[in-house]
Structures are given as C-alpha cells and as structure tokens.
Amino acid sequence: EETAGHRIDSHTVLYGVIGDPIRHSKSPIMMNRAFRETGVNGVYAAYHITSDKLADFIGGVRAMGIRGVNVTIPHKLDIMKHMDAIDPGAEAIGAVNTIVNDNGRLTGYNTDGIGYVRSLKEEAEPAIAGKRIVVIGAGGASRGIVYALAGEKPASITIANRTEDRARELAQSFSSLAELRAVTYDGLQEACRDADIVINTTSVGMHPHTDASPVEAGWLKQDAVASDLIYNPLKTKFLQQAEQAGCRIHGGLGMFIYQGAYAFEYWTGQTAPVAAMRETVLASLI
Ligand code: ATR
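Please read these numbers as outputs of a predicted model, since none were measured by experiment.

Chemist: Any chance you could explain the UniProt feature "domain: Shikimate dehydrogenase substrate binding N-terminal" (unreviewed entry) in the protein here in plain terms?
Modeler: Here the UniProt-annotated "domain: Shikimate dehydrogenase substrate binding N-terminal" (unreviewed entry) positions come out as residues 17-99. As a span, residues 17-99 carries 35% helix and 22% strand, and end to end its C-alpha atoms are 10 Å apart.

Chemist: Teacher, can you tell me more about the domain arrangement of the protein here?
Modeler: A common way to state how big an interface is: give the accessible area lost once the parts meet. Taken domain by domain, the protein comprises domain 1 (2-110 + 256-285) and domain 2 (113-251). For domain 1 versus domain 2, the distance between C-alpha centres works out to 27 Å. In this assembly, 13 residues from domain 1 lie in contact with ten residues from domain 2. Elements represented by at least two residues in the side of domain 1 that touches domain 2 include exactly α3 (88-93) and α9 (253-268). It is α9 that contributes the most residues to the side of domain 1 that touches domain 2, six residues altogether. Split into classes, the residues belonging to the side of domain 1 that touches domain 2 amount to eight nonpolar, four polar and one charged.

Chemist: I tried to follow the site of the ligand on my own but got confused; where do I start?
Modeler: As a matter of local geometry, the ligand sits amid 14 residues, with Gly139, Gly140, Arg162, Thr163 and Thr202 nearest to it. By residue number, the principal contributor to the shell around the ligand is helix α5 (residues 140-150), which donates three residues. The class makeup of the residues in the shell around the ligand is three nonpolar, nine polar and two charged.

Chemist: Would you explain the sheet that holds strand β14 (residues 248-250) in this entry?
Modeler: Hydrogen bonds between backbone groups are what pair the strands of a sheet, and the pairing can be parallel or antiparallel. Strand order in the open sheet formed by six strands is β11-β10-β9-β12-β13-β14, and the pairing between neighbours is parallel. Each of the sheet's edge strands pairs with one partner strand only, and the pair in question is β11 (180-183) and β14. The sheet shows a mean angle of 20° between the axes of neighbouring strands, direction not considered. Bridge count between strand β12 (residues 197-200) and strand β13 (residues 225-228): four bridges; the pairing is parallel. In the strand pairing of β13, Ile197 is matched with Val225. Together, β10 (156-160) and β11 form the strand contacts of helix α6 (residues 164-173), whose direction differs from that of β11 by roughly 175°.

Chemist: Could you clarify how one ought to interpret the pairing of β11 in this entry?
Modeler: On any regular strand, side chains alternate: one points to one face of the sheet, the next to the other face. The alternating pattern of β11 places Leu180 and Ala182 on a buried face, while none of Arg181 and Val183, on the opposite face, is buried. Note that β10 and β11 share four bridges and pair parallel. Opposite Ile159, over in β11, you have Ala182 as the bridge partner. Handedness of the crossover joining β10 and β11 through α6 is recorded here as right-handed.

What counts, and at which threshold
- Going along each chain's sequence as written, the residues are numbered from 1 onward.
- Reporting in this predicted model follows two pLDDT cut-offs: at least 70 for local features of residues, and 80 or more for side-chain atom pairs to be given and counted; totals over whole chains, interfaces and linings ignore these cut-offs and use all residues.
- UniProt positions are given in the numbering used here, feature names are shortened, and annotations may be inferred rather than shown by experiment.
- A helix here means a DSSP run of H or I that spans at least four residues, while a strand means a run of E at least two residues long, and both kinds are numbered starting from the N terminus.
- Note that the domain bounds reflect an automated or database-derived domain assignment.
- A pair of residues counts as a contact when their C-beta atoms, built from backbone coordinates, are within 7 Å of each other.
- Each residue gets one of three labels, nonpolar for Ala, Val, Leu, Ile, Met, Phe, Trp, Tyr, Cys and Pro, charged for Asp, Glu, Lys and Arg, and polar for the others, Gly among them.
- Working rule for contacts: place C-beta from the backbone, and if it is within 6 Å of a molecule or strand, that residue counts as near it.
- A pair of strands is considered paired only if DSSP assigns at least 2 bridges between the two.
- Note on method: axes are straight lines fitted to C-alpha atoms, helices fitted across the in-contact stretch only, with angles between N-to-C directions ranging 0 to 180 degrees.
- Burial is judged by counting the other C-beta atoms within 10 Å of a residue's own C-beta: 20 or more makes it buried, 12 or fewer makes it exposed, and any count in between marks it as partly exposed, with every C-beta position built from the backbone.
- Orient the strands so they point away from the viewer; a crossover is then right-handed if the path from the first strand over the helix to the second runs clockwise.

Shown next as structure tokens:
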C-alpha cells in the first residue's frame, strides 16, 4: 500500500499504542503523519490489549521486534515490571507511557510530564523559573506534570485535590526537587489569588460535562496563565472564564502532541514534525 511519501514494504518497522479502551486514540493518525512527513519507514497501529494479555503482548513486542510502543490507560503502571530498564524520570513518576525496543532490550520512559512542560513553554509561558504554580488534582497525570515542573525551578508548586491525602502524598514525594505544598479544596481560591500559572489536571470540564469548572470565575489574577490538560473540548469552561478575565490560556492538545513528539524522537532520533502532527490531530477533532 502506498500513500504520498509512505511505502510499506519488507523493511517497514512496527510501532503502536496499547490500552483498554483504545479505539478512540488519536495517536495512530498523529504518528503515521509524522512518519510520512519525515520519510521514516514505519507504521503505527492501535492494539486493544486487556490486562490479562499484557505479558503476551510484551512477548509479541520482543518476537516481532516492534520498535516503539505508547502505553495508555490502564497499563502505565503494570507495564513497568516487563521492562529491562526504566528511565529515572519514569521511575520517579511511577508510570511508563513510552517503550523503546533496542534489539530486544526494552526501556520504559514517561513523556507525559516533559511533553506538558514543552507545550506550556512553546505555547503559553516560556519562563517557568520563579513562577508560583497551582496544580489542581493529584492523580496520575498530575504526578508526571508536577515532577517535570519541579525540574524547572519554579518559586513554588501548590497542589489542591478533592481528596487532600493524595495531594499531601504527591507534594511529599517530590519535596526534595522544589518548594511543594498541599492544600485542601477550601484553600484553592486563596492559592489562585497570587498564582502565575493554574493548571487543571482533573477531568472536571471534560466532554460531556462541559459546564463544570474546577475554579470559579474571577479567582485568577489578570495576567496569570490558565492551563487545562483537557482537549475535548479544546476550550473548557475553565479556560473560557479565564480568557474573559484577561488571563492567557493554554489547552491540553499541546501536551498530547508533545508527549508524542518526544516518543517519536526517542524512537527515530529525528526531530518530530510537530506542526504537521498538530494539524492532523486538530483536523480529526473538528
Ligand atoms: P489521571 O490519570 O487523569 O490523573 P486519576 O489518577 O484517576 O486520573 O486522577 C483523577 C484526578 O481527578 C484526581 O485528582 C481526582 O481527585 P480525587 O483524588 O479526589 O479522586 C480528580 N477528580 C476526578 N473527578 C473529580 C471531580 N468530580 N471533582 C474533583 N476532582 C475530581
């Protein structure tokens, strides 16, 4: 089969994404566009792998020489025990979303947090050092982002979570990397008042509950950056309200693009064609 600049032949290298569910994933269209754009002879598919098939899948990766795999819900933790090596960042976060297969040696990486930070820098705020950051939510996504942000020398990171214990645990686990503190939801309004960057990592506001927002209108100061990991819708209620209040806004699509860009770069050693990747994903969302 042939499309412009993309020929599948006996040298084609296999890639893919695993998850359960997986048929909603935009990774295949994004990554195949990246291969076409750069002339890499690869093909990237989505594999529906249930938890009971994870070990068999890894056997398949080794047997077939699948070069790269993205890992999504619910396998980011369980995949770790199947790796031959784990990148220190992924180890600290406690989750792997990208596997690189070097001649049968599997290394696990986490590109979610660094993907988020690269997106934030490129699209909204190039200077994270010295900034006061508020992160809403303390789940898996938050953990990767807090770890990556902590490496950027912020003035402080305040974590607010509905379940306060999880916020405290997360703040504690990275307390050696940055000035971290946990607050309850009751403390969120005050934390937002002097925050430079406020990030929603929860699912509040996600389709189909698009009328919900984790913060109220007017909590953020005027020149703050409001950032949301959600990209369906592209502009959440949180971002709409923040924009009306004069904030800069940053949606979640960039994190998805850049976590994929890092994976592409780890696999191929080439610079990811980020603009083309974004164009393809955006076109599929509209
Ligand atoms: P993810 O990988 O997307 O981070 P997760 O690990 O399940 O998923 O974490 C979900 C996060 O969203 C948590 O911070 C969760 O808060 P709790 O720890 O209190 O459960 C938050 N969250 C989900 N639904 C929420 C809601 N309706 N209101 C407030 N927070 C919510």
